[in-house]
Amino acid sequence: MHYQGTIYRPPSEANSILLQVTTGCSHNKCTFCGMYKGQRFTIKPEERVLADIEYAATHFAHARRLFLCDGDALTLGTDRLLTILRAIQAKLPKVTRVGIYANSKSLRSKSVEELQLLSRHGLGICYIGLESGDDVTLNRINKGADGKQIITAATKTKEAGIPVSITVLLGVAGPERSTIHATETGRVLSAIDPEFVGALSLMLEPGTVLYDEYQAGHFAMPEPFAILQELRTMIAATNLSNGLFHANHASNYLPIKAKLPEEKDSTLGLLDRALSGTMALKPEYLRAL
Ligand code: SF4
């Protein structure tokens, strides 16, 4: 496979074929994110992508999942995406789900009909970074969209029959907006009603704007127990009809995997025990992105 730069994928795509169709991120301005710093957003030549599909068909013929990288591959035009999805269906018939990162801008550029067409050709999940449902925080971190726009984008995706996985970022609002961040994120998650939620804990990365703000004393990191309280408040404010709320990423202090609504109360009870100090949190040196 031909890869350029560092490849990122959601934790749940660990066993997927990683097919790079773009490089970098078309937005690349979120203040906390160092994933694609210094990397230009480009669209990879179609013949290169098709050659990678041929390679995957020879070497990973039994894989059931495939993930289209990089940062915001849904920026690709619908025709180009359909060409790629058709080639995957033809050459990798065992692949039952193709995943992709999407943001509100790229989703705005696609109609429900276009998304339905992509769904019929195998697009089976969109990973959308919400980070926070609090518009003040979204503006501060330069997300490029507010909560309403993200709700519209994610709802349209679901309407087209594509499940969504929403990423939220604990700690990103700092200590002073932690409670608002948690309750507003719960409100936006409830409005979207996604199939999956993944909560990560902020880790400051050197080279990012947020890291510089932290160094200059303009941003403070919440303490581990404050992050845990934030997670508790967020889950309490989140009402899903049938969703999985994961906070079991390596960056988190306490692994949580809850089916909502069924396991909401037991999960809040677990968090209460951790907050009362009767359960050990993951030590700082074991946390990682
Ligand atoms: S968080 Fe996502 S949208 Fe924001 S810069 Fe990083 S890759 Fe791009």
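What counts and how
- Residues numbered from 1 in each chain as written.
- Predicted model: local features only at pLDDT ≥ 70, side-chain atom pairs only at ≥ 80, totals over all residues.
- Heavy atoms only, no water.
- Helix = DSSP H or I, 4+ residues; strand = E, 2+ residues; numbered from the N terminus.
- Rg over C-alpha atoms; globule rule 2.2 N^0.38 Å.
- Buried < 20%, exposed > 50% of the residue type's maximum accessible area, 1.4 Å probe, protein only.
- Contact = heavy atoms within 4.5 Å.
- Lys, Arg positive; Asp, Glu negative; His and termini not counted.
- Charge placed at Lys NZ, Arg CZ, Asp CG, Glu CD.
- Near = heavy atom within 4 Å.
- Nonpolar A, V, L, I, M, F, W, Y, C, P; charged D, E, K, R; others polar.
- Expected span 1.5 Å × (residues − 1).
- Axes fitted to C-alpha atoms, helices over the stretch in contact; angles between N-to-C directions.
- Parallel < 35°, antiparallel > 145°, perpendicular 65-115°, else oblique.
- Left-handed = near helix turned anticlockwise from the far one by under 90°.
- Salt bridge = Lys/Arg side-chain N within 4 Å of Asp/Glu carboxyl O.
- Disulfide = S-S within 2.5 Å.
- Pairing = 2+ DSSP bridges.

From N to C terminus, the protein chain includes 10 helices and 10 strands. Taken over C-alpha atoms, the radius of gyration comes to 19 Å for the protein chain, in line with the 19 Å a tight globule of 289 residues would show. Taken along the three principal axes of its C-alpha coordinates, the protein chain extends 55 × 45 × 35 Å. Taking all 289 residues of the protein chain together, 49% fall into the buried category. In the protein chain, the share of contacts with a sequence separation of at least 24, taken over all contacts with a separation of at least 6, comes to 77%. For the protein chain, the distance from the average position of its 31 positive side-chain charges to the average position of its 29 negative side-chain charges is 5 Å.

The environment of the ligand is formed by Cys25, Asn28, Lys29, Cys30, Phe32, Cys33, Tyr36 and Lys143. The class makeup of the residues in the shell around the ligand is 5 nonpolar, 1 polar and 2 charged.

End to end, helix H7 (residues 178–192) covers 21 Å across 15 residues, agreeing with the expected 21 Å (1.5 Å per residue, within 8%). Regarding H7, the residues found buried are Ser178, His181, Ala182, Thr185, Gly186, Val188, Leu189 and Ile192. Those residues of H7 that are buried are in contact with strand E6 (123–131), helix H6 (147–159), strand E7 (164–170), strand E8 (196–201), helix H9 (224–237) and strand E9 (243–246). At the exit of H7 stands Asp193, carrying a positive phi of roughly 55°.

Between helix H2 (residues 78–91) and helix H4 (residues 112–120), whose axes approach to 9 Å, the crossing angle comes to 15°. In terms of orientation, H2 lies roughly parallel with respect to H4. Helix-helix and strand crossings are classified by hand; for H2 and H4 the assignment is left-handed. Across from Thr78, Leu81, Leu82, Leu85 and Gln89 in H2, the residues of H4 making contact are Glu114, Leu117, Leu118 and Arg120.

Moving on: the pattern of salt bridges. Applying the stated criterion to the full structure yields 10 salt bridges. Its salt-bridge partner being Glu195, residue Lys158 comes within 3.5 Å of it at the nearest N-O pair. In this pair, Lys158 is assigned in helix H6 and Glu195 in the loop between H7 and E8, connecting sequence segments 37 residues apart. According to the relative accessible area criterion, Lys158 is partly exposed, its value standing at 26%. Here Lys259 ties to Glu262 by a salt bridge, and the two come within 4.0 Å at their closest N and O atoms. Classification of Glu262 by relative accessible area gives exposed; the value is 54%.

As a further point, take the state of the cysteines. Summed over the entire model, instances satisfying the criterion amount to 0 disulfides. A disulfide-free cysteine, Cys126 has its sulfur positioned 14 Å from the sulfur of Cys69, the nearest such atom.

This paragraph deals with the sheet that holds E8. With respect to topology, 8 strands assemble into an open sheet ordered E1-E4-E5-E6-E7-E8-E9-E10, the strand pairing being mixed. Either end of the sheet is taken by a strand with one partner, and the two such strands are strand E1 (17–20) and strand E10 (257–260). Between one strand axis and the next, the sheet turns by 20° as a mean value, whatever way the strands run. In terms of strand pairing, E9 meets E10 through 4 bridges, oriented antiparallel. From the neighbouring strand, Leu244 faces E10, where its bridge partner is Lys259.

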